[in-house]
Structures are given as structure tokens and as C-alpha cells.
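If you want the building blocks of each chain, they are given just below.
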Amino acid sequence: MTAFPGDTIAVALWRHGVRVLGFTRKRHRPLGAGTLVLQGALVTVDGLPNVHADHTPVVEGMDVRRQGAWPHARFDLLRTIRWLPQRWTRSGFERPYVLRSGTWRFEAWERLLMALAGGAPPPNAPVEAAPGSRWDGDVVVIGAGPAGIAAANAAVAAGDRVCLVSRSPAPAAFAGSLGACAPPIDARVHTLLGHVATGIYRNGTVVLAAPRAPDAAAAVLVCKRLILATGKESLGPSVRGHDLPGVFDARTALRWAATLGSTLGPCVVSGTGSEGAVAEALRRLGVVVVEAVPVDAVREILGRDGVTGVRFAGHRVECRSFVHAGPWTTHGALAFQALAGGTLRLDPTHGNAAVTVVGGALAPNEAPSVPELEALRDVPVCSCMDVMADDLLRLTADGQTHVEEIKRATACGMGPCQGFPCWTRMGAVLAAAIGAPVNDTPSYRPPARGLTVAQAAALDGLLELE
Amino acid sequence: MRSGDTPLPEHADVVVIGGGIQGLALSYHLSKRGVGRIVVVDAGYFQGGASGRNGTMIRGGFMSDAWTALFALANRRWIDLSRELGQNVMYSRRGYLLIAEHAATAAGFDEALATHARHDVASRRVTRRDLVRLAPALAADRVADAIYLPDGGVCPHHAVMHAYVESCRARGVDVAYGAAVTEITRSAGRVDGVIVAGRPLRAPRVVIAAGGFAPEVAKLAGVTLPGYPMRIECTALEPTRALLRPGLAFIDRLCYVSQTARGEIVGGAEVPERPQRTIASDLPALTATAKVYREMLPRVSGLRFLRQWAGLIHSTPDFGPLVGPHPVLPDLWVTAGWSYGFASSAASGELLAASMVSGTLHPILQPFAIDRFERNAPVREGGIVLASG
């Protein structure tokens, strides 16, 4: 295969018509790399499993393999699972009723599960990481959008030692793709671009940040004050097909369109008010936008191995991709960890975090758009672990409504994404089922797939015991 | 799970404080032994405590006779637990490796094997070739000696906890979560009930099965329990295809690890802890675990940590449990101080239920009597993976 300079693996594969990169765990439904659902973006590269195809640039001679297929990506017998009745796979993995432990059948079943677990063999060779680093200062700002840069500049102007962390390799990338301007970063700010702030410890005074490469040096940031400028993510519609390959959140779509141009489309854009601006930005990049509609108008995203169209209340249109710009919601993990959210359940007096939220993250979350219960049943909630709305509705009908219990019973949110966006959608489904708002999520746990064992080991000893 | 949909009764024969695996296993066996009205109350949510946060590893063999007698029985019960409860607990009998890196630790393995033999625990010393076959991912050249326990294994908590709570409810046990006990009431020098969710619940016997909160709950009755709450941390790596079949315990590194049927590699290395009541996880435990993995399981070094989490145990001076009647307050019973409580529950619930019905502490539980520190008779156990600051 050929690729262009600057292509990520996922973009290069899209150019060659490969949209399916991963599969859901139980039903083996296809997933792609365009949204927040991580499982759809993980591939094995040169023997190392779970490499993020959309954050890894293509290199000459690279060996890229699709995960989750058996026995081979080209001859994948697991596809047949999709034709099994859904009830067979509903509880069959988390707690099989038929195959009880203490029998040879259970042992055989468990061995089969393990043989097919995880999608890819473990790496054969060890990975060594560069020694980690520690930074001590006054303020850590997470997010290098316009609000994060402004907060970092203001703190450094006030005499604080400031570290600005951003997962994006360039500051204000999303704002820039929509035509907005951001102030330059003050030269006195210690910047860690391309670092994912992946865990917050000790009431917000310790931040763990790591680059995405499995062997690059991770960093421990020790501060007195934490500023979250993490913005908002687009959740998209909660309809059938919302996790098909070819569905993109606006942020990813704009980034891809900048290199792919017209080959990203034709597409439908939906949103909660910003769909017009996103559609316009996509058009400027050469993408054909068939329609730009409010998110509630979308009834279903059509397609078997990727988006082929969208169904609305009265009509349907053909398209090759679907871009969502809302509902916009903040990834709750960092704030949760800073406030020691899990401990708050144990002890409401715990926690005294010095955390400030600024910018888009400060705005209220938009409620996920959820259809009527009947249309909701076979809507995926957690794509990685293949939890459908129906699985949740069965538990609520049985009287189980505690989010932590439901997480444990279904494994919802326990895959590579670690709870976002699925717990937000889960909350919306539960709210629809019980007729009351659910303002709770299971505990967001660090480090949320943010660093490898090698990177973490290279940090050992940098932070003393409390 | 289904808390608060039926009001709690005003009278019970036994009130169990704590709906973790110890409290539920005890209640199940009390009910089987004909105890009438049993009420389990828990301040938290279902599986919110250590029963839903531990490493899920189970073995019968330890170093001491006292521990091995109890856990040998527990391991036998785990193998048969699905049949006993009529529910799938998903116990996976995939074996357990105790690994020594230091010669001094390896020297203790002879005695351990003899102890295992005395208690009918299947165990054997592992040759280098055997080790490579059982755990190909292990850095075998770092291993001085290893013991294999073929009946050991792992059990996912969600399955066994579900099985216990369903079995208890099917037998008429009231189990209520989100129901906090604020007082253990006494009259005429004996326990006579609790105040739960603001209302009195009278019962001639009360059991403390409150995990890390046991010392605090004991204070509600005006008595003390030795020890303090301690955080234990655990981690999960992203799933991969089968890499580890048996569970592994690195005795010299205070680290344990196993792979779930979902493919996640779950384990943790202990760092010195102080008494504290938090379930916020911390960075040193993550990096310490990573360091052990990198050296002992080099192939996982390119895998990512999905998550880390913490749970509370009740740490006692010898890390052994406190089981039996409270020596000061009659009719107050205790099952506390557990550090390997998930693994022990399959036996400890049954033995404590038998003890409560007969009024005499079962011989297997007697070494763990609550007053053993006052009698200067702690239980020395060298085969556990725990550290305190």
C-alpha cells in the first residue's frame, strides 16, 4: 500500500478503502477509527498490539494487522457470530447461565474465551521506555485550546511556574480547524504538547502525562493548583449504527478532511447547533456535505461494514461518512479523579481539590440525544464490550439501577476507552428507563490506557510515598 | 442491588453488618443451618467494597498450618461452589504458582510443601522445564524456586457476588445496601440490635462483617478490634490473547498477577501503606507494579495500563483475620481483619455459621480468635503478599 507523508495508519487505510479496523467483543460488529470509541482504532503494528491507528504515522515497510479476527484478517470465521441470536451473546460472556464452573464444559468455554480475548497476541519482545521525568511547579493546565492557553499565560504572568499539557501535537488544533484564533503560548510556560494527561492523583496535585508512543518518556507533574481546559467532545446521536466505520466526531473529521479532502465524503453532518459551521469548514476542505441536520432528526445510520446512508423521519440519503457535532459533553475522568470521586462515595467529607475548570469544559453538558425506549433497544451503549441498551434495560427492569452495579454486571465501559463516551450514554439510557435523571457515572480510574508498563516502570521512584 | 424496595423488619435473629462476600457467605450458611430471620445491612453499594475490588486469586496452600487449614477447605469449596449455590460463580481452576526469587524464600518452600501435604492441598515443586510450560511469559531465569498449586485459580467477583446475593435472597435473607448502621445497641451487657437507617432493628445476635470499616463499626458497640483500615491497590492491563494460565504470586516482591477470561492482566505490587480511609489510587503503586512486570513478565512491557483502583482491607498486627465471638461483648460476633477474605469466604462463612449455631468456635477458626494478641499468640504466616508502612 502507498501512503502520503503525514498520513496516520487509519488515514492511509481509508485512502485504500479500508474502513473496518476493529470489532466489538461479543457480536463482532465492525468498528472504525473516526470516533471516541478506541477499540475501532487499535491495530497490531510490527507485532505490538493495540497501537492507535489514528495517532501513529505511517512508516515505510510497516506491518499493520487488523485485530480481533480469527484465524486470519482475510478469512475471519468470527464474522459468523453476527448471525447468532442476540440473546445467546447477551449474558453469555459476563456470566453464563448454562456453563457452570466446576464442569469441564466451563473450563473449555473459558479457555476458548481466553484464546480469543483481547483481539491480538501479546507482544513477543519487551519494550524499553526512556526514563521518565518529574516537573515541580505551581500550576498545571490541561488542554491547549484558546481557554487553556489563556489560563496558562495568565498564571505565568502572575509569577507562577506553569506547565501546559495537551494531547494534541499542535496548540488550539480544533479551534484552528473551525477558523478560530488562539493567543500564542507565553515562552515561560513549560509545554508538553502531544502528551495525554492520563491520570490525576492526590486531590489534583499530581498529574501523570505520557506521549502516545509506547516507549517515549512519561512525566509526573507535581503542582499546587490544577486548571482543566479540556473542552468538550461530541457524543453523536444514540441511534442504531452510531458506531459504524465511517462515523466521525467533528474534531476527527476536520483533521482527516485536511489531508483527505473530498475522499472523506460524501457525508451527512448532524449537531446541536454547530452542524452548520462544521459543514461549512468541511466544504472548504473539499468534502461534499449532503445534508447538515439537527441531531434529533437522525433515526438510524445505515450500513453493514461502514456507513452507506442515513435514515431520517421521512426520508433517507446515501453517504459514505457521518459527522457529528454534538451533543457536546465533557470527558469527566480528570475532574472525577482530581476530586477523588470514588472516595467521595465512601466518605463525603473527603477531598479538598484545588481544581479550576475553564473554557468549554465549564459549560453545562448537553444531554445525550436518546430515542424512545422501543427504538433504543438495539442501540449500542458500549461498543468495545458490546453492551446494548437492551442489556441495561433488562437490569433496570430487574431493579438494578446503581451505575457501579451495572458496570460490574455488564462490563460497560471496561474496554479500552475506560468509560467515555459510553458511561455518558449509559446514564442517558438509564434515565430514559427509570424516568429520572442519572447524574452519576461509575468511577473513572487512572491511567485510562494512557501509558505502557515500560513507561510506568520508568517513572518508579520519581514520586515519594504519601 | 435492589436496595430499599422493601422496608427492613423490626426484628431479626441475626443482623449481619456488611454485605460483602464474608457477610453474604455467612448469611447463606446461617440460613442453611436453620437460623430464621437474617438481615444483612450495608452502608455502601453492592460490590462497592473489597469484595468487588480484590485481585480474585484463590489458593489453598500457605506456609502456616493455621492459614493452610482454612484455605485448603476454602479452595475445595470454591471448586464446588456453583453446584452449592445453584448459580454460576465462574471459578476457574487454572492453577497458582508461588514464586521465590531469593534463596531464603526458596528454603522455606520445603516446609510449605510439607504443610500442604498435611492439609491435603495438591501442590508440587516445579522444575525449570515445568515452569516454562506453565508460565511461558515468566522470566524463568529470575526464579529461584516455585510451587504449583493445581487446584488454585481465579474467580471474577461479579459472578460469585451475584450468586451469593441471589442465593441469600432466595432463602429469605433480607439484604439491603445503602443502609448504614449508626449504632449497635446493648441491654443488660449484651448486644440487642442495631440502629439502621435511623430505625431500630432488634436482634439477639449481631455480626460485624464490615471489611475495612470493621474497627469503626466495633466502636458503635463500644468495643475495639485490633488493626486499622489499609488501602490495597490493583491494576489491569489492556486485554490480549492468553498469556498467563495460572495465577502468579511473587512472594519476594509482594506482587500477584493473573489474566482474566477477558484477557486483562490483573495484579498489583504492594507499597508500604499507612492507616487511612481512602480508595483513591496513587501513582507509586502503579509504578511499582510496572517495575515488577517489566522484570518478571517482560513481554507485557509494551501493554498499556487500562486502570488502577484501590480497596480497603482491615489490617491486623499479623495480617490474619479476626473471627469469632467478641471477647468483651456477648452476642457480638466478628468476621474481620481479612486480607485474603475473598479467597477464604467459601470456608469462613460456613465455619463461622457452624460456630454461631453451636456456640463454640470451630477448631479451624480458633487460631484466628479475636483475643489472640492479648494472649500473645499471633499467627505467623510467611506466604502472603502484603506490606505495611
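Residues numbered from 1 in each chain as written. Chains lettered and ligands numbered in written order. Predicted model: local features only at pLDDT ≥ 70, side-chain atom pairs only at ≥ 80, totals over all residues. Heavy atoms only, no water.

Caption draft 1: Broad picture of the overall build of chain A. From N to C terminus, chain A includes 14 helices and 25 strands. In terms of principal-axis extent, the alpha carbons of chain A reach across some 65 × 55 × 55 Å. Of all 466 residues assigned to chain A, the portion counted as buried reaches 56%. Taking as baseline every contact in chain A between residues at least 6 positions apart, the subset at least 24 positions apart corresponds to 68%. Averaged over its 44 positive side-chain charges, chain A has a centre that lies 4 Å from the centre of its 40 negative ones. (Helix = DSSP H or I, 4+ residues; strand = E, 2+ residues; numbered from the N terminus. Buried < 20%, exposed > 50% of the residue type's maximum accessible area, 1.4 Å probe, protein only. Contact = heavy atoms within 4.5 Å. Lys, Arg positive; Asp, Glu negative; His and termini not counted. Charge placed at Lys NZ, Arg CZ, Asp CG, Glu CD.)

Caption draft 2: Structural view of the overall build of chain B. A count of helical and extended segments in chain B gives 9 helices and 19 strands. In terms of overall dimensions, chain B is globule-like: its C-alpha atoms have a radius of gyration of 20 Å, near the 21 Å expected for 389 residues. In terms of its C-alpha atoms, chain B occupies a principal-axis envelope of roughly 65 × 40 × 40 Å. Taking all 389 residues of chain B together, the buried fraction comes to 67%. Of the contacts formed within chain B by residues at least 6 apart in sequence, a portion of 75% connects residues at least 24 apart. Surface accessibility of chain B: about 12,500 Å² in total, with carbon and sulfur atoms responsible for 51%. Each charge class in chain B can be summarised by its mean position, and for the 41 positive and 34 negative side chains these summaries are 4 Å apart. (Rg over C-alpha atoms; globule rule 2.2 N^0.38 Å. Areas by Shrake-Rupley, 256 points an atom, 1.4 Å probe, with all protein chains shown as cover.)

Caption draft 3: Examining the interface of chain B and chain A more closely. On the side of chain A, 80 residues touch chain B, which itself brings 68 residues to the contact. Interface of chain B and chain A: buried area, both sides summed, is about 6,400 Å²; carbon and sulfur atoms make up 54% of it. A per-residue breakdown of the area chain B buries against chain A is headed by Arg241(B), Arg262(B) and Arg304(B), which together make up 14% of the total. The interface formed by chain B and chain A holds 6 salt bridges in total. For Glu110(A), the salt bridge identified is with Arg245(B), shortest N-O distance 3.7 Å. Viewed at the interface, chain A and chain B are joined by 34 residue pairs in polar contact (both at pLDDT 80 or more). Going through the elements one at a time, α6 (157–170), α8 (283–296) and β17 (305–315) of chain B are the ones with two or more residues in the side of chain B that touches chain A. Ranked by residue count, the leading element in the side of chain B that touches chain A is α8(B), at 9 residues. Of the residues belonging to the side of chain B that touches chain A, the class tally is 32 nonpolar, 19 polar and 17 charged. (Buried area = accessible area lost by both parts, 1.4 Å probe. Salt bridge = Lys/Arg side-chain N within 4 Å of Asp/Glu carboxyl O. Polar contact = N/O pair within 3.5 Å; in protein donor to acceptor, adjacent residues only side chain to side chain. Nonpolar A, V, L, I, M, F, W, Y, C, P; charged D, E, K, R; others polar.)

Caption draft 4: A look at the packing of aromatic side chains. One pass over the structure, following the stated rule, counts 17 aromatic pairs over all chains. Consider the rings of Phe336(A) and Tyr444(A), whose centres lie 5.9 Å apart with planes at 80°: the pair is edge-to-face. Taken together, the residues Phe336(A) in helix α8 (residues 333–338) and Tyr444(A) in the loop between α13 (422–434) and α14 (453–457) connect sequence positions 108 residues apart. One exposure class covers both Phe336(A) and Tyr444(A), and it is buried. Where Trp423(A) meets Tyr444(A), the ring centres are 5.1 Å apart and the plane angle is 50°; that geometry is what we call tilted. One end of the pair, Trp423(A), is in helix α13; the other, Tyr444(A), is in the loop between α13 and α14, with 21 residues separating them in the sequence. Accessibility classification places Trp423(A) together with Tyr444(A) in one group, the buried group. Three or more aromatic residues joined by ring pairs form one cluster here, namely Phe62(B), Trp67(B), Phe71(B), Tyr340(B) and Phe368(B). Its guanidinium or amino end placed over the ring of Phe174(A), Arg251(A) lies 4.6 Å from that ring's centre, counting from NZ or CZ. (Phe/Tyr/Trp six-rings, centres within 6.5 Å; stacked < 30°, edge-to-face > 60°. Lys NZ or Arg CZ within 6 Å of the ring centre and 35° of its normal.)

Caption draft 5: Up close: α8(B). Residues and elements named next belong to chain B. When the terminal C-alpha atoms of α8 are compared, their 20 Å separation across 14 residues agrees well with the 20 Å that a helix rising 1.5 Å per residue should span. The buried fraction of α8 is high, at 12 of 14 residues. For α8, every residue scored as buried is listed here: Leu283, Pro284, Ala285, Leu286, Thr287, Ala288, Thr289, Ala290, Val292, Tyr293, Glu295 and Met296. (Expected span 1.5 Å × (residues − 1).)

Caption draft 6: Representation of the pattern of salt bridges in the model. Counting across every chain of the model gives 49 salt bridges over all chains. Among the salt bridges present, the one from Arg202(A) reaches Asp282(B), with a minimum N-O distance of 2.8 Å. In this pair, Arg202(A) is assigned in the loop between β10 (195–201) and β11 (206–211) and Asp282(B) in the loop between β16 (265–269) and α8, connecting two distinct chains. Overall, the relative accessible area of 17% leaves Arg202(A) in the buried class. Overall, Asp282(B) belongs to the buried group, its relative accessible area being 3%. One salt bridge in this structure joins Arg142(B) and Glu295(B), with 4.0 Å as the shortest N-O distance. One end of the pair, Arg142(B), is in the loop between α5 (128–134) and β6 (145–149); the other, Glu295(B), is in helix α8, and 153 residues separate them in sequence. Judged by its relative accessible area of 38%, Arg142(B) falls in the partly exposed class. A cluster of three or more residues bridged by salt bridges with shared partners is formed by Glu107(A), Glu110(A), Arg94(B) and Arg245(B).

Caption draft 7: Quick look at the side chain of Ser168(A). One can find Ser168(A) in the loop between β8 (162–166) and α5 (173–177). Not counting chain neighbours up to four residues away, the residues in contact with Ser168(A) comprise Ala173(A), Leu193(A) and Gly194(A).

Caption draft 8: Quick look at unusual backbone geometry. In this model, Gly326(A) is joined to Pro327(A) through a cis peptide bond whose omega is 0°. Topologically, Pro327(A) is positioned in the loop between β21 (321–325) and β22 (328–329). In this structure, the amide linkage connecting Pro446(A) to the following residue, Pro447(A), adopts the cis form with an omega of -5°. In this fold, Pro447(A) is placed in the loop between α13 and α14. Its identity as a non-glycine residue notwithstanding, Arg449(A) has a phi of 65°, on the positive side. Locating Arg449(A) in the fold gives a position in the loop between α13 and α14. At Leu254(B), a residue that is not glycine, the phi angle is positive and equals roughly 50°.

Caption draft 9: Looking closely at the sheet that holds strand β5 (residues 64–66) of chain A. All names here are of chain A. Across the sheet, which stays open at both edges, the 3 strands sit in the order β4-β3-β5 with antiparallel pairing between neighbours. The open sheet has two edge strands with one neighbour each: β4 (48–52) and β5. Within this sheet the neighbouring strands show an average axis-to-axis angle of 45°, counted without direction. (Pairing = 2+ DSSP bridges. Axes fitted to C-alpha atoms, helices over the stretch in contact; angles between N-to-C directions.)

Caption draft 10: Highlighting the nonpolar core. Ranked by size, the top nonpolar core spans 83 residues in total, and within it Leu24(B), Trp78(B), Val160(B) and Tyr164(B) carry the most contacts. No other element matches the 9 residues that helix α2 (residues 65–79) of chain B contributes to this core. What Trp78(B) contacts, discounting residues up to four positions off in sequence, is Ile21(B), Ile58(B), Tyr91(B), Cys155(B), Val160(B), Phe342(B), Ala343(B), Ser345(B) and Ala346(B). Membership of the second largest hydrophobic core comes to 47 residues, among which are Tyr201(A), Val222(A), Leu463(A) and Val300(B). (Core = buried A, V, L, I, M, F, W, Y, C linked by side-chain atoms within 4.5 Å.)

Caption draft 11: Summary view of the sheet that holds strand β20 (residues 316–318) of chain A. Residues and elements named next belong to chain A. Taken in spatial order, the 3 strands make up an open sheet running β18-β19-β20, and their pairing is antiparallel. Of all the strands in the sheet, just β18 (298–302) and β20 have a single pairing partner and so form its edges. Direction aside, the axes of adjacent strands within the sheet are offset by 15° on average.

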